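Observations on chain architecture
The residues making up each chain are set out below.
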Amino acid sequence: EHLFDHALPWLRHFQEHPTHDTFWAPHLPSPDVLSRCRLPVLSINGQADLFIVSALDYHRRLMRWGHDDARRHAHIVIGPWSHAGSGDANPQVGKLRFAEAARIDTMSLKLAWYRWVMLGGPKPALLQHRVQWYAAGEEAWHGCDRLEDVTAGTQVQQMSASPGPNDVFHSGWLGAAAPETPPYR
């Protein structure tokens, strides 16, 4: 909330439900709804995007339960961008700058995707795989056909700080154990 300079009670309410528990169930398309949905999806997201977790979850759900017509043209592109930066694929997030290879012409990609899906045109070169992601450090794009193949595994990490979240000299660390300090708010 301090980033927005005012209270965001709805955000606090959402933060109380960080996993897809019963709170979120009414807001998610059911497997039955997805099985009848024939709309193709091109999702362009940033690794630093506030909504990346939801985008990944929706893609997984579509691939699991979606109609064949929707799955056939479903693609997700994940670059080193923020939510706002994914619109123009800006290769800079705050003070972090990535190579120009991170910049893609998202408008041209969307138009080429529409030509492919709606008009039977050629498949866009960047979308040869269903999942495309940018590897920072390596400064290169990679692709695979399943989100599960992007990484060898996952590990939940908890943020901790000592003596507390307001001490700039002890900025914190990540660990497998839940922190003993109160959660950041």
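Refer to the preceding data block for the structure.
Before going into details, it helps to say that this report is about the structure given with it. Just so it is clear, the model here is predicted, and its values are computed rather than measured. (Residues numbered from 1 in each chain as written. Predicted model: local features only at pLDDT ≥ 70, side-chain atom pairs only at ≥ 80, totals over all residues. Heavy atoms only, no water.)

Let us look at the sheet that holds strand E5 (residues 131–135). Spatial strand order, E1-E2-E5-E6: four strands in an open sheet with mixed pairing. On the outer flanks of this sheet lie strand E1 (42–48) and strand E6 (140–144), each paired with one strand and no other. When the angles between neighbouring strand axes are averaged without regard to direction, this sheet yields 25 degrees. For E5 and E6, the ladder comprises five bridges, and the chain directions are antiparallel. (Pairing = 2+ DSSP bridges. Helix = DSSP H or I, 4+ residues; strand = E, 2+ residues; numbered from the N terminus. Axes fitted to C-alpha atoms, helices over the stretch in contact; angles between N-to-C directions.)

When the terminal C-alpha atoms of helix H5 (residues 106–119) are compared, their 19 Å separation across 14 residues agrees well with the 20 Å that a helix rising 1.5 Å per residue should span. Among the residues making up H5, those that are buried are Thr 106, Leu 109, Ala 112, Trp 113, Trp 116 and Val 117. Mapping the buried residues of H5 onto a view down its axis gives an arc of 125 degrees, with all of them on the same face. Opposite its buried face, H5 presents the exposed residues Met 107, Met 118 and Leu 119, each directed more than 90 degrees away. Contact partners of the buried residues in H5: E1, helix H4 (68–72) and strand E2 (75–82). (Expected span 1.5 Å × (residues − 1). Buried < 20%, exposed > 50% of the residue type's maximum accessible area, 1.4 Å probe, protein only. Arc of directions from axis to C-beta. Contact = heavy atoms within 4.5 Å.)

Moving on to the nonpolar core. Membership of the largest hydrophobic core is limited to eleven residues, which are Leu 42, Ile 44, Val 77, Trp 81, Ala 89, Ile 104, Leu 109, Trp 113, Trp 116, Val 117 and Leu 127. Examining the composition of this core, we find that four residues originate from one element, H5, more than from any other. Ranked by size, the runner-up nonpolar core spans eight residues in total, among them Ile 76, Ile 78, Val 131 and Leu 147. (Core = buried A, V, L, I, M, F, W, Y, C linked by side-chain atoms within 4.5 Å.)

Bringing the pattern of salt bridges into the picture now. On inspection of all chains with the given rule, the structure shows seven salt bridges. With its nearest N and O atoms 2.9 Å apart, the salt bridge here joins Arg 36 to Asp 32. Placement of both Arg 36 and Asp 32 in helix H2 (residues 31–36) is noted, with a separation of four residues, approximately one turn of the helix. Between Asp 69 and Arg 38 there is a salt bridge; the shortest N-O distance is 2.5 Å. Pair noted here: Asp 69 is in helix H4 and Arg 38 is in the loop between H2 and E1, with a separation of 31 residues, a long-range link. Among the residues examined, Asp 69 registers a relative accessible area of 23% and is labelled partly exposed. Classification of Arg 38 as exposed rests on a relative accessible area of 51%. Beyond isolated ion pairs, a larger network of salt bridges with shared partners links Arg 38, Asp 69 and Arg 72. (Salt bridge = Lys/Arg side-chain N within 4 Å of Asp/Glu carboxyl O.)

A large share of E5 lies buried, amounting to five of its five residues. A two-sided burial pattern is seen for E5, the buried positions comprising Val 131, Trp 133 and Ala 135 on one face and Gln 132 and Tyr 134 on the other. Of the pairings in the sheet, the one linking E2 to E5 comprises three bridges and is parallel in character. The residue bridging Val 77 from the neighbouring strand is Gln 132, located in E5.

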